[in-house]
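One letter stands for each residue in the lines below.
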Amino acid sequence: NYSYENGLTMLKLAKDDYEKALSYTIMAESKYKDADFLKAISLFELGEQHIKKTDDFNIKLRILTNQVSTYRRAGLIVNSDQKWKELQKATEKIDHYNKYYILYSTEAKIYDIDNEPCKAIAPRKKYHELIQNSDNGQEFKTRFAFSTLAQLAYSYIGCNKYNEARSTVKELEQIRTKIDDK
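Presented here is a report on the structure given in the accompanying data block. Please read these numbers as outputs of a predicted model, since none were measured by experiment.

Thresholds applied
Along each chain, the written sequence defines residue order, and numbers are assigned to residues from 1. With pLDDT at 70 or above as the cut-off, local features in this predicted model cover only qualifying residues; side-chain atom pairs require 80 or more to be listed or tallied, and sums for whole chains, interfaces and linings still use all residues. In computing side-chain properties, one takes all heavy atoms of the structure into account and sets aside hydrogens as well as water. Each helix is a run of H or I in the DSSP string that is no shorter than four residues. Each strand is a run of E no shorter than two, and both are numbered from the N terminus. Partly exposed residues are those whose accessible area sits between 20% and 50% of the maximum for their type, while under 20% is buried and over 50% is exposed, using a 1.4 Å probe and protein chains only. Two residues form a contact once any of their heavy atoms are found within 4.5 Å. Any cysteine sulfur atom paired with another within 2.5 Å is treated as part of a disulfide. Residues grouped as a nonpolar core are buried Ala, Val, Leu, Ile, Met, Phe, Trp, Tyr and Cys residues, joined through side-chain atoms within 4.5 Å. To estimate the expected span of a helix, count its residues, drop one, and scale the result by 1.5 Å.

Time to look at the side chain of S134. When you line up the elements, S134 lands in the loop between α7 (117-132) and α8 (138-158). The class of S134 is buried, set by a relative accessible area of 9%. For S134, the residues in contact, after removing those within four places along its chain, are Y97 and K141.

Laid out in structure tokens, this is it:
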């Protein structure tokens with residue numbers, strides 16, 4: 001359970017910068033979920049300070065990805081755009097699949113926050129195609145397809161593309177029966 005209290009307990013027990021960074025990240029994610037974006041920002045920044053002292057790349061990506069959204073939700077667009085550029089640069093160091101998994105989902109989230117559902121459609125489609133063309137197993141692809149198509153349908157509705165939304169919902173229904181059968 002990634003609650004603020006669990007993150008705080010982890011922080012008290014933390015022995016190194018990695019553990020401190022992870023603790024602050026968990027606490028920040030909890031505050032983000034509570035819509036306490038300013039507190040989340042300060043906690044992500046503390047996590048960022050500690051992760052810079054380590055060579056852990058995964059937590060760095062996790063913090064950057066979250067900072068893009070958190071700054072944006074707090075209305076700090078310039079800071080969000082800066083973290084978006086840092087994230088794009090950081091993902092150059094990872095494999096194609098994970099790079100675009102992170103970038104497409106983050107880009108769509110940016111457009112959601114900016115209330116630009118029409119712009120969120122393209123990265124959501126690319127994200128969906130990426131998952132479907134991945135080397136992951138069929139069960140993984142089916143479950144992710146449900147999630148990505150639900151988000152895509154939401155974007156279509158927000159963009160007043162109701163025919164596309166209906167078509168996507170029909171796909172969702174077909175996938176739901178596959179998931180329900182298991």
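Here we come to the environment of Y4. Among the structural elements, Y4 can be located in helix α1 (residues 4-13). For Y4, a relative accessible area of 18% gives the class buried. Between the C-alpha atom of Y4 and that of E164, which follows or precedes it by 160 residues, the distance is 40 Å. Dropping the residues within four chain positions of it, Y4 is found in contact with M27, S30, K31, K39 and L43.

Further remarks concern the state of the cysteines. Counted by the stated rule, this structure contains 1 disulfide. Each disulfide pairs two cysteine sulfurs, and for C118 the partner residue is C159, the sulfurs being separated by 1.9 Å. Linking C118 and C159, the disulfide has an S-S dihedral of approximately 105° and is accordingly described as right-handed. One end of the pair, C118, is in helix α7; the other, C159, is in the loop between α8 and α9 (162-180), and 41 residues separate them in sequence. Judged by its relative accessible area of 44%, C118 falls in the partly exposed class.

Looking now at the nonpolar core. Grouped together as the largest cluster of nonpolar side chains are 16 residues, with contacts concentrated most on Y24, M27, L43, F44, I51, I59 and I63. For this core, the secondary structure elements donating two or more residues are α1, α2 (17-33), α3 (37-51) and α4 (57-73). Leaving out residues up to four positions away in the same chain, I59 has contacts with Y18, A21, L22, T25 and I51. Counting 11 residues, the second-largest nonpolar core is a separate cluster that includes C159, L172, I175 and I179.

It is worth spelling out α2 at this point. In this model α2 runs 24 Å from its N-terminal to its C-terminal C-alpha over 17 residues, within 8% of the 24 Å that 1.5 Å per residue would give. With 12 of 17 residues buried, α2 lies mostly within the body of the structure. Residues of α2 that are buried include every one of A21, L22, S23, Y24, T25, I26, M27, A28, E29, S30, K31 and Y32, and no others. Packing partners of the buried residues in α2 comprise α1, α3, α4 and α6 (96-113). Immediately beyond the C-terminal end of α2, within one or two residues, lies A35, with a positive phi of roughly 65°.

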